[in-house]
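# Summary of the model geometry
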There are 2 protein chains.
Amino acid sequence: MLPIAVDAMGGDNAPGEIVAGAIRAAEELGVPVVLVGRRDELGDTGGLEVIEASQVIAMDADPASSVRTMKDSSLVRCAEAVRDGRASAMVSAGNTGATMASALLRMGRIKGVSRPAIATPIPVPGGTPTVLLDAGANAECSADWLVQFAQMGAVFARTRYGIENPKVALLSIGEEPTKGSPLVKETHKLLAEGSWIGSTGARFIGNVEGRDLMTDEADVVVTDGFTGNVALKTLEGALKSIVSNLLSVFDSTEETRAASGVLWPALLPLYGQLDPENTGGAMLLGVDGVCIISHGSSSSVAMVNAIRVANDMVTGGVVEHLREAVRPTEG
Amino acid sequence: MLPIAVDAMGGDNAPGEIVAGAIRAAEELGVPVVLVGRRDELGDTGGLEVIEASQVIAMDADPASSVRTMKDSSLVRCAEAVRDGRASAMVSAGNTGATMASALLRMGRIKGVSRPAIATPIPVPGGTPTVLLDAGANAECSADWLVQFAQMGAVFARTRYGIENPKVALLSIGEEPTKGSPLVKETHKLLAEGSWIGSTGARFIGNVEGRDLMTDEADVVVTDGFTGNVALKTLEGALKSIVSNLLSVFDSTEETRAASGVLWPALLPLYGQLDPENTGGAMLLGVDGVCIISHGSSSSVAMVNAIRVANDMVTGGVVEHLREAVRPTEG
């Protein structure tokens, strides 16, 4: 089996946490992993193979120009490893824009895909995450692209979460088909018409609102990359604000520390479901290979989860299913 | 002093909670209130004056056609009371779209205002709320309108929260001026140029992201009504999900109930800051009068707070300040 290429230099905690996560994933999951980066800086790789890459694209670098000029960067080399059949998938916690650009330029698009999109799992306490896409790859979209996002999101929900007939919804500002922006109204018509469903097994359930994202209302929520990114970051900000304020209340006196100690065991499952370390990362759908985008702040735990998801997507044949889903219907 | 017109028939808990809140506001705040609705259904009004209105616009009715055809509805009569100088402001927990349409059609726009916008306070634990606008009045916007939202939002932040020099930001998907949709990029240029600031005292601090809404990064965040509504509802959904999951953990065993009992006094201030009952409602900025839009699920407490805000806006002269802020500069 081909190894999963891990960008050892990408992320706020690279290379330490990334390498540690890769070693753990190889040991605990039995998944072959190859590290990509500056061999000298990786420390003990626990016997993992290394693909040498001399350059590092910074977290805040301009994606397009970096990828164009830094041909020996760890990100570009990761994508090339997938393209050249040396790796089955790539995983990076680095610069998101540069990860997308590397994957798109080196792997290319799946035939028929207009634009790749980022599919991000939104936590649903006690339930299966909601897949939100596009979470930021395309700031401006056409209705046709959104329909393709629906196809790709449904395939991802099935492969990732085993949902045979994913409920697909369109993000809007009211349930009525007449509400929303011109783009949303046009997309609603196309999605309701249904000829896009094909092999995806999806069911279009209409419009949903932002408040439905953390519920089991829909399995897949489709939107343009601007709105999706705003929604995702708003949600992340809200969770972060509440968790940090709760923790500071818990830690305010001897008494509250004792009481919260009693609550912790019961709170941990909820906390675990909301922790971005546990989502397994987002996936760039539509490129001709598996590309998992992990949080910039990823720890070794997040990397283990991201590598597990990459492996699941490879063994689940997600790229083949995507290819079939977006194939234009004949006649 | 003119009374505040309260739509006694609007909201999920109308008229009971609405009337109870109006009575409490009159007693506790010393603010004169007039109830608008079906006198027979209001029960004991505690001596408050009533403006009779025989019709009720349902929560899910089509806004435009309802307002056009139901001329004796409580919402339309509220807006007329303000227009005719019988009331200083209107407050409703009813159909949001119909509230906007009533205010716009009966009060008219402030001269120079292109489009009214809904300004909604976003809770910031331990700090002053962030004013988000437009939170849903205009699903499609031009850059010029967004600049006017910046002017109006700054005036609102000053009048509502006493912020002399409000930090105004543009909602986008990255801090760089080059990121975002075409609308955002164009608006960024206009806001950065600065000639809109005039009497508002605002400072443009650039783009912010969804994750900044619940922080003190900006005092006012400007966006189109589609994105704003998605962000607002995403945030509301996240808060609701976490609070309800926390409460169910707290209530799961004898032990957790005892422990959470110890934590409650320390948690209450946080809970209070996040509770939509306490925000005082949103304000429709740009119509020629004060119009406060309270949550559909408003209790009497929410109504007291909304009436307090309406009164503060009247005494603070917000309409006059808005008029000055949007006046085209001469020469």
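The residue numbering used here restarts from 1 in each chain and proceeds along that chain's sequence as written. Working convention: letters from A go to chains and numbers from 1 go to ligands, in the order in which they are written. Owing to the predicted nature of the model, reporting of local features is limited to residues with pLDDT of at least 70; listing and counting of side-chain atom pairs is limited to 80 or more, with chain, interface and lining totals taken over all residues.

### Comments concerning the relation of the copies chain B and chain A
The least-squares superposition of copies is restricted to C-alpha atoms, and to residues with a pLDDT of at least 70 in both copies. Take chain B, turn it by 180°, move it 0.0 Å along the axis, and it overlays chain A with an RMSD of 0.0 Å. Expressed as an axis order, the relation between the two copies is that of a two-fold axis. Proximity to the rotation axis, assessed at the C-alpha, singles out Ala259 of chain B in chain B; its C-alpha lies 2.3 Å from the axis. Once C-beta atoms have been placed from the backbone, residue pairs whose C-beta atoms lie within 7 Å are recorded as contacts. A share of 100% of interface residues in chain B that are also interface residues in chain A marks the association as one of identical surfaces.

### So, the nonpolar core
In this description, a nonpolar core means buried residues of the types Ala, Val, Leu, Ile, Met, Phe, Trp, Tyr and Cys, linked to one another by C-beta atoms lying within 7 Å. Labels follow a simple rule on C-beta atoms placed from the backbone: if 20 or more others lie within 10 Å of a residue's own, it is buried; if 12 or fewer, it is exposed; otherwise it is partly exposed. Ile307 of chain A together with Ala5 and Ile307 of chain B are the most contacted members of the largest nonpolar core, which has 226 residues in total. Ile307 of chain A has contacts with Ile4, Val6, Ala22, Ala25, Leu29, Val31, Val33 and Val91 of chain A, leaving out every residue within four places of it along the chain. In terms of nonpolar packing, the next biggest core, distinct from the first, is built from 6 residues, Val249 and Leu263 of chain A together with Val249 and Ala259 of chain B among them.

### Some remarks on the domain arrangement of chain A
Residues and elements named next belong to chain A. Segment limits for the domains were obtained from an automatic or database-derived domain assignment. Domain boundaries in chain A define domain 1 (1-113 + 286-310) and domain 2 (114-281). Taking the mean C-alpha position of each, domain 1 and domain 2 sit 25 Å from one another. At the junction of the two partners, domain 1 supplies 17 residues and domain 2 supplies 13 residues. Comment: elements are numbered from the N terminus, with helices defined as DSSP H or I runs of at least four residues and strands as E runs of at least two. Contributing elements (two or more residues each) for the side of domain 1 that touches domain 2: α4 (96-107), β11 (290-293) and α9 (300-315). Take the side of domain 1 that touches domain 2: its biggest share by element is 6 residues, from α9.

### A short note on the pairing of strand β6 (residues 130-133) of chain B
Residue and element names in this part refer to chain B. The two faces of β6 match: Thr130 and Leu132 on one face and Val131 and Leu133 on the other face are all buried. In this analysis, strands are considered paired if DSSP registers two or more bridges between them. When strand β5 (residues 117-122) meets β6, the two strands line up antiparallel, connected through 3 bridges. Bridge assignment links Thr120 to a residue of β6, and that residue is Leu132. Relative to strand β9 (residues 220-222), β6 runs parallel, the two sharing 3 bridges. Residue pairing in the sheet places Leu132 in a bridge with Val221 of β9.

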